[in-house]
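Listed below, chain by chain, are the residues.
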Amino acid sequence: MSELVYTEQRETIFEIVLNRPEKRNAINMELYTAFDAAVTEAGRLSGVRAVLIRGEGNAFSAGIDVSDCMMLPQKYGSNWQQRGRRITDDYQRVLTRLERLEVPTIALLHGYCLGLAMELALACDIRIATEGSMLGLLETKLGIIPDVGGTTRLVRLVGPARAKELIFTGRQIGAIQAEHWGIVNSVVAAGDLLAKGEELATEISQAAPLAVGMAKRVIDGLSDIDRGLILEGWAQSQLFNTEDFMEGAQSFLERRQPQFKGK
C-alpha cells in the first residue's frame, strides 16, 4: 500500500489509515487513489467483519488538497472544465465503493474533518468523533457544492433543513453539535477514540456476518443515493465553468476572502 495510506488486519478488524500528517491528511489524487486501493483490499480479504478508518497526526483530514485541483488540466486535459461529469464520477466512484462494502465501516474522527474528508466520513456506516473535533462541508466558499456524495448523504442523515444550513453557510460545527444533529454516533475523549472504535467493531464482529451485510444493504436501499449522486454531478459540472469557482480556489490558495460575483 502507498505510504500515504497504510492498512492492517487485526483478526476481524481491517484498519485503513490516512498517512499525510504534515498536511493534516489533505487529500490529493495520490492519497485518494491509495485509499481506493485500500477499500478494494478490504472488500477482498476473508475474515473481515468491520473496517476502521482513521488519520495519523493532528487531524482526520482537512479535506481536499486545493492545490491539487490546479493539476486537473494535466489529468483531464486543457478543456477540463467541460468535463465536470467525468471528474465528479471519478471522485464519486471511490466513496460509492466504500459505501457499498459488505462489511460495516466506522470512521474515527479527530481534529478536522472537512470537505471531501467529511464526504468520506458520511459514506461510512458509523462515525465516532473526539471532543473538540470540527466538521464541515466548505465547498460553497469555493464556489462549488459537495459533489462526492456529501449533499446527498448529509440530507439522508439530518434532513433537508439542517443540511441546507450547513451547506449554504459552509460552516464548521463541533463534535457535540454534530452528535446532536445525528452526524456522528458518539463523542469520546481523544485518548479513547481508537479503543472505542475497536470495541464497537468487535461487538459488530460477534453478529452473524451475512445478516449484518444484508441489513446494511436493506437500510442503504431505503434512500435513493444514485439519483442524488447524479444530481450532484450535474450541478457541479455547471459550477466548474463559473468565474466564482476560479475565484474561490484562487482566494483559498492566497489565503484571502473571495470576491464572488455570481458569474
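The present account deals with the structure reproduced in this document. These figures come from a predicted structure and were not determined experimentally.

Attention shifts here to the layout of surface pockets. Space inside the largest pocket adds up to approximately 1,100 Å³. Considering the residues around the largest pocket, the lining is formed by 43 residues, among which Ala62, Ile64, Val66, Leu142 and Phe252 are closest to the centre. Elements with a minimum of two residues in the lining of the largest pocket: helix H2 (66–69), helix H4 (84–99), strand S5 (112–114), helix H5 (116–122) and helix H12 (243–253). Broken down by element, the residue count for the lining of the largest pocket peaks at six residues, all from H12.

Another aspect to go through is the sheet that holds strand S4 (residues 105–109). Judged by pairing direction, the sheet is mixed, and its six strands sit side by side in the order S1-S2-S3-S4-S6-S9 without closing on themselves. Pairing within the sheet leaves two strands with one partner each, and these edge strands are strand S1 (5–10) and strand S9 (186–188). Strand-to-strand twist in this sheet, taken as the mean axis angle between neighbours without regard to direction, amounts to 20 degrees. Bridge count between strand S3 (residues 50–55) and S4: three bridges; the pairing is parallel. In the strand pairing of S4, valine 51 is matched with threonine 105. Sheet contacts for helix H1 (residues 29–44): S1, strand S2 (13–18) and S3; angle to S2, the most-contacted strand, approximately 180 degrees.

With that settled, consider the pattern of salt bridges. In this structure the tally under the stated criterion is 14 salt bridges. With a closest N to O distance of 2.7 Å, aspartate 36 and arginine 97 form a salt bridge. Here aspartate 36 is found in helix H1, whereas its partner arginine 97 is found in helix H4, with 61 residues between them in sequence. With a shortest N-O distance of 3.0 Å, arginine 156 and glutamate 99 are connected by a salt bridge. Of this pair, arginine 156 sits in helix H6 (residues 150–158) while glutamate 99 sits in helix H4, placing them 57 residues apart in sequence. On the accessibility criterion, arginine 156 (29% relative accessible area) is partly exposed. Taken together, the shared-partner salt bridges connect Glu8, Arg10, Glu15, Arg54, Glu56 and Glu198 into one network.

Attention now goes to the sheet that holds strand S8 (residues 172–174). Taken together, the three strands give an open sheet; going across it, the order is S5-S7-S8, and neighbouring strands pair in mixed fashion. Edge positions in the open sheet fall to S5 and S8, since each of these has one partner strand only. Across the sheet, the axes of successive neighbouring strands diverge by a mean angle of 20 degrees, strand direction being ignored.

The rules behind each value
Residues numbered from 1 in each chain as written. Predicted model: local features only at pLDDT ≥ 70, side-chain atom pairs only at ≥ 80, totals over all residues. Heavy atoms only, no water. 1 Å grid on protein atoms, 1.4 Å probe; cavity = no way out; pocket = protein on both sides within 12 Å on 5 of 7 lines; lining within 4 Å. Points joined across faces, edges and corners; volume = space filled by probe spheres on them. Helix = DSSP H or I, 4+ residues; strand = E, 2+ residues; numbered from the N terminus. Pairing = 2+ DSSP bridges. Axes fitted to C-alpha atoms, helices over the stretch in contact; angles between N-to-C directions. Contact = heavy atoms within 4.5 Å. Salt bridge = Lys/Arg side-chain N within 4 Å of Asp/Glu carboxyl O. Buried < 20%, exposed > 50% of the residue type's maximum accessible area, 1.4 Å probe, protein only.

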